Amino acid sequence: MQILTQLVFSGIALGMIYAVIAFGYQLTFATSDTLNFGQGEALMLGALVGLTLVDKLGWNYWLVLPIVCLFGAVQGALVERIGVRPAIKIKSEFGWIMSTIALGIIFKNVAENVWGRDDLKFPSPLPESPMKLLGANVLPMEVLVVVGALAMMLAVELFNRRSIYGKAVVATFNDRDAAKLMGINTGLVITFSYALSSLTAAFAGMLIAPLTLTGATMGAVLGLKAFAVAIIGGLTSGLGIVVGGLILGIAETTTGFYISTGYKDVPGLVLLLIVLAMKPAGLFGKTAIKKV
């Protein structure tokens, strides 16, 4: 039971990282029906920029955190301007897919040339000695991952519900054409959603970096698994993304221990196939009916 508790706690921390990245997918899908397939690279760049400021320049981790978030926002806005907006303008259904993938590959190659191909250790801002929780050893950084991820998603939800700018985002989500007729600059809203999406990914990169090695390839697998979480939970449901992240995280840690680490990726992919076959909108997603 103690081992199972340990695996569940580790799975929760891992699942919340997947959830906060998947939340970025939801943000862009809500406003433009597009996805940034370079989310993993946004996470990777956030972690590497943070590593440079913390390890090389000696800046405080907590001071660097908002700077990295700002960097992520700028990077996301750049992706939208270069890769997504032209595709939306000509109503290309696949242009934005190839553009975001291509930009992700470019960012990865740039990172390899700037920071090298070797994985680097990110200094932890919290003590690295584990705490005892319900008989299991939990790292303080794992607690920060869960709290930070939930706080980020809650802050975005409150922004959308309480601020006038957030209501413009919600209006664009509900009906882009109607929002445009009401005077909302939907193009700016879409840019903002991409900026916010990459901001959350960069934030996730800063959270996970002290728990793992930081390098140019760290974002590829995380971005792919986060996409699986978004599909499993539902691209239109914030609750679904959190639940999907927890399911995948706990499934991976338990499978890796009880079966084999070589099979830890299998349960999530099997679940993805099952959900796509039985409920394509996701466990908590809503099926949209479009009139043609």
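Note that the structure is predicted; figures quoted are calculated from it, not measured.

**Q** Please explain the pattern of salt bridges as it appears in this structure.
**A** If the charged atoms of two oppositely charged side chains come close together, the side chains can form a pair. Inspection of every chain in the model, using the stated rule, returns 5 salt bridges. Of the charged contacts, one joins E112 and K108 as a salt bridge, the two residues approaching to 2.9 Å between their closest N and O atoms. With a gap of 4 residues between them, E112 and K108 both fall in helix α4 (residues 95-115), about one helical turn apart. Take E112: its relative accessible area is 12%, and that puts it in the buried class.

**Q** Looking at this structure, how should I read the confidence of the model for the protein chain?
**A** Close inspection of predicted coordinates is inappropriate for parts of the model with low pLDDT. The pLDDT averaged across the protein chain works out to 86; a share of 97% of its residues lies at or above 70. Averaged pLDDT values over the elements of the protein chain bottom out at 78 in helix α6 (residues 164-174) and peak at 93 in helix α2 (residues 39-56).

**Q** How should the packing of aromatic side chains be read in this particular structure?
**A** In this description, an aromatic ring pair is defined by two values, namely the gap between the centres and the angle between the planes. Inspection of the entire model under this criterion finds 7 aromatic pairs. Here the aromatic rings of F37 and W96 are separated by 6.1 Å at their centres, their planes lie at 5°, and the arrangement is stacked. Highlighted residues: F37 in the loop between α1 (2-32) and α2 and W96 in helix α4, separated in sequence by 59 residues. Taking the centre distance of 5.5 Å and the plane angle of 35° together, the rings of F159 and F192 count as tilted.

**Q** Help me understand the packing of α2 against helix α8 (residues 186-208), please; the structure alone is not making it clear to me.
**A** Helix-helix packing is described using two parameters, namely the angle between the two axes and the distance between the axes. As a packed pair, α2 and α8 sit with axes 7 Å apart at the nearest point and diverge in direction by 50°. As summarised for this structure, α2 and α8 are arranged oblique, according to the angle between their axes. In the packing of α2 onto α8, the handedness of the crossing is right-handed. Between α2, through Q39, A42, L43, G46, A47 and G50, and α8, the contact on the second element is made entirely by S197, S198, T200, A201, A202, A204, G205 and M206. Of the residues in the contact of α2 with α8, the class split is 7 nonpolar, 7 polar and no charged.

**Q** Would you mind going over the packing of α1 against α8 with me for this structure?
**A** At a minimum axis separation of 8 Å, α1 and α8 run at an interaxial angle of 175°. Taken together, the axes of α1 and α8 are roughly antiparallel relative to one another. Taking contact as the criterion, the partners of I17, V20, I21, G24, Y25, L27, T28, T31 and S32 in α1 are, on α8, V189, I190, S193, Y194, L196, S197, T200, A204, L207 and I208. When the residues that make up the contact of α1 with α8 are grouped by side-chain class, the tally is 12 nonpolar, 7 polar and no charged.

**Q** Honestly, helix α3 (residues 61-89) in this entry has me stumped. Any pointers?
**A** Side chains three or four residues apart in an α-helix point the same way, a direct result of the helix having 3.6 residues per turn. Given a rise of 1.5 Å per residue, 29 residues ought to cover 42 Å, and the 40 Å separating the end C-alpha atoms of α3 matches this to within 8%. The principal kink in α3, of about 40°, is found at R81. Two or three places before W62, at the opening of α3, N60 has a side-chain oxygen 2.8 Å from that residue's backbone nitrogen.

**Q** Looking at this model, I keep getting lost on a nonpolar patch on the surface. Mind explaining?
**A** Residues I3, L4, F257, Y258, I259, Y263, V266, V270, I274 and M278 make up a contiguous nonpolar surface patch of about 1000 Å² in total accessible area. Every element with two or more residues in the nonpolar patch is listed here: α1, α10 (238-258) and α11 (266-278). At 4 residues, the largest contribution of residues to the nonpolar patch is made by α11. Tracing the backbone through its elements, the reader meets Y258 in helix α10. Using a relative accessible area of 49% as the deciding quantity, one classes Y258 as partly exposed.

Analysis parameters
Residues numbered from 1 in each chain as written. Predicted model: local features only at pLDDT ≥ 70, side-chain atom pairs only at ≥ 80, totals over all residues. Heavy atoms only, no water. Salt bridge = Lys/Arg side-chain N within 4 Å of Asp/Glu carboxyl O. Helix = DSSP H or I, 4+ residues; strand = E, 2+ residues; numbered from the N terminus. Buried < 20%, exposed > 50% of the residue type's maximum accessible area, 1.4 Å probe, protein only. pLDDT = per-residue confidence, 0-100. Phe/Tyr/Trp six-rings, centres within 6.5 Å; stacked < 30°, edge-to-face > 60°. Axes fitted to C-alpha atoms, helices over the stretch in contact; angles between N-to-C directions. Parallel < 35°, antiparallel > 145°, perpendicular 65-115°, else oblique. Left-handed = near helix turned anticlockwise from the far one by under 90°. Contact = heavy atoms within 4.5 Å. Nonpolar A, V, L, I, M, F, W, Y, C, P; charged D, E, K, R; others polar. Expected span 1.5 Å × (residues − 1). Bend = angle between axes of the 7 residues up to and from the residue. Polar contact = N/O pair within 3.5 Å; in protein donor to acceptor, adjacent residues only side chain to side chain. Patch = residues over 30% accessible without salt bridge, like charges linked within 9 Å, V, L, I, M, F, W, Y side chains within 5 Å. Areas by Shrake-Rupley, 256 points an atom, 1.4 Å probe, with all protein chains shown as cover.

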